[in-house]
Amino acid sequence: MKKIAITGPNGLVGSRIIELLKNDFEFIPLSHKDIDITDKELVAEQLKSIDFDILLHLAAYTNVEGAETDRSQAYLINVDGTSNIFHALENTNKKIIYISTDFVFDGTNPPYDENSKPNPLGYYALTKFNGEKVLQNTAMIVRIGFPYGNIKSVKPDFIMRVKQLLEEGKTLNMITNSTITPTYIDDIAFALKHLMDNYSPEIFHIVGSKSYSPFETGKLIAKTFGLDEKLVREISYEEYSKDKAPRPQFSEIISIKNTFQKMKNLEEGLNELKKQVRV
């Protein structure tokens, strides 16, 4: 059985990957209290003392707004942290899978596949892309977009957050002239199972099979869970983006390499989620 060391094991995506694949791999969780990825010497020392085949690197600074003001922290975690892991494993036979983001694209000329040229807009996106550059051609880079579907997560994903706000009767302004590609986390986990078993140091997009405007997303969430669709109001990308960190307007991300895992669209993913919520 392959041994997988995993940073960010308690996060939204990491915790679900471990839950779903625990019979397929032996996971070695490396939470922040186990390893401080920003400490180069410590990382080298700790990773040397652990026996594993692949390091699945999910730990990241992911606060898009916060990254604009707390740039040094975002850089320290996303770039220096990734670089520390890379250097610690550089001359070993241990492999790295780095989880990146659809935000590395600028959203002006979609759709974006594995061969598209990144052009990050905000600082968070820039640090994730710089992390990719550290590992380019030596590690596997897996880009995901808007992951959802882990109902046990301490921090709710964007779907559960919208559901929660609608249940509270809150009005939500959601963008009509923009696109996102929501991705069901279970599909990410099973795609990673294939990639960990068939490792190759290249870029893969593991993303939902269809893109939607945030407004359509909000309406679908309301409809699926029997909530008031009228609470989902229209707003333009231009209005919403005022005074916010820059984000790609049309984040339509696709894959030309994923021939191994069928990815759900949002309707299918929400129906699966509804079953889990009911249980």
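Use the structure listed above.
Okay, so let's go over this structure. (Residues numbered from 1 in each chain as written. Predicted model: local features only at pLDDT ≥ 70, side-chain atom pairs only at ≥ 80, totals over all residues. Heavy atoms only, no water.)

### Quick look at the environment of aspartate 53
Selection rule: In DSSP terms, a helix is any run of H or I states spanning at least four residues, a strand is any run of E spanning at least two, and both are numbered starting from the N terminus. Note on contacts: a residue pair is in contact if any heavy atoms of the two residues lie within 4.5 Å. The definition of a polar contact used here is a pair of N or O atoms within 3.5 Å, where within protein one atom must be able to donate a hydrogen and the other to accept one, and adjacent residues in sequence count solely through side-chain atom pairs.
You can see aspartate 53 is positioned in the loop between helix H2 (40–48) and strand E3 (54–57). Between the C-alpha atom of aspartate 53 and that of threonine 108, which follows or precedes it by 55 residues, the distance is 39 Å. Ignoring any residue separated from it by four or fewer positions in sequence, one finds aspartate 53 in contact with Lys2, Lys3, Asn93, Lys94 and Lys95. There is a polar contact of 2.7 Å between the side chain of aspartate 53 and the backbone nitrogen of lysine 3.

### Points about the pairing of strand E1 (residues 3–7)
As a reminder, the rule being used: Residue burial is assigned from relative accessible area. The probe radius is 1.4 Å, only protein chains are included, and a residue is buried under 20% of its type maximum, exposed over 50%, and partly exposed in between. Pairing between strands is defined by DSSP: at least two bridges between them are needed. We call a crossover right-handed when, viewed with both strands directed away from the observer, the connection leading from the first strand over the helix to the second proceeds clockwise.
Counted residue by residue, E1 has 4 buried out of 5 residues, so it is predominantly covered. With 5 bridges joining them, E1 and strand E2 (residues 26–30) adopt parallel strand pairing. Looking at E2, one finds that lysine 3 is bridged to glutamate 26. Crossover E1 to E2 through helix H1 (residues 12–21) is right-handed. For E1 and E3, the ladder comprises 4 bridges, and the chain directions are parallel. Note on E3: the bridge partner recorded for isoleucine 4 is isoleucine 54.

### A short note on the pattern of salt bridges
To keep things clear, this is the line we draw: A pair is scored as a salt bridge if a Lys or Arg side-chain nitrogen falls within 4 Å of a carboxyl oxygen belonging to Asp or Glu.
In total, this model carries 16 salt bridges according to the counting rule given. In this structure, lysine 152 and glutamate 19 form a salt bridge, with 2.8 Å as the shortest nitrogen-oxygen distance. On the criterion of sequence distance, the pair formed by lysine 152 in the loop between strand E6 (147–148) and helix H6 (158–167) and glutamate 19 in helix H1 is long-range, its members being 133 residues apart. A residue is classified by how much of its surface remains accessible, and lysine 152, at 61% relative accessible area, is exposed. The shortest N-O distance in the salt bridge between glutamate 168 and lysine 170 comes to 2.7 Å.

### Side note on helix H4 (residues 71–89)
For an α-helix, the turn length of 3.6 residues means that residues three or four places apart are oriented alike. Rule in force here: For a helix, the expected span equals 1.5 Å multiplied by the residue count minus one. Bend is computed residue by residue as the angle between axes fitted to the seven residues ending at the residue and the seven residues starting at it.
A rise of 1.5 Å per residue sets the reference length of H4, with its 19 residues, at 27 Å; its end C-alpha atoms lie 26 Å apart and thus fit the reference within 8%. At aspartate 80, H4 shows its maximal bend, which comes to roughly 30 degrees. Within the sequence span of H4, burial applies to Ala74, Ile77, Asn78, Val79, Gly81, Thr82, Ser83, Asn84, Ile85, Phe86, Ala88 and Leu89. As for H4, its buried residues are in contact with E1, H2, E3, helix H3 (64–69), strand E4 (95–101) and helix H5 (123–135).

### Some remarks on unusual backbone geometry
That bond from proline 110 to proline 111 is cis: its omega, 0 degrees, falls within 30 degrees of zero. Summarising the element assignment, proline 111 is placed in the loop between E4 and H5. Even without being a glycine, asparagine 137 presents a positive backbone phi close to 70 degrees. Relative to the elements of secondary structure, asparagine 137 occurs in the loop between H5 and strand E5 (140–144). Judged by its relative accessible area of 67%, asparagine 137 falls in the exposed class. At aspartate 243, a position not held by glycine, the phi torsion is positive, near 60 degrees. One can find aspartate 243 in the loop between helix H9 (237–241) and helix H10 (266–278).

### Thoughts on the packing of helix H8 (residues 214–224) against H10
This is how it is decided: Axis definition: a line fit to C-alpha positions, over the contact stretch in the case of helices; interaxial angles, taken between N-to-C directions, run 0 to 180 degrees. Take the far helix as your reference; a near helix turned counterclockwise from it by less than a right angle gives a left-handed crossing, and one turned clockwise gives a right-handed crossing. Gly counts as polar in this scheme, as do all residues outside two lists: the nonpolar Ala, Val, Leu, Ile, Met, Phe, Trp, Tyr, Cys and Pro, and the charged Asp, Glu, Lys and Arg.
Across the interface, H8 lies against H10 with an axial gap of 10 Å and an inter-helix angle of 35 degrees. The crossing of H8 and H10 is right-handed. Contacts from Thr217, Leu220, Ile221 and Thr224 of H8 reach H10 at Leu266, Glu267, Leu270, Asn271 and Lys274. For the contact of H8 with H10, a count of residues per class yields 4 nonpolar, 3 polar and 2 charged.

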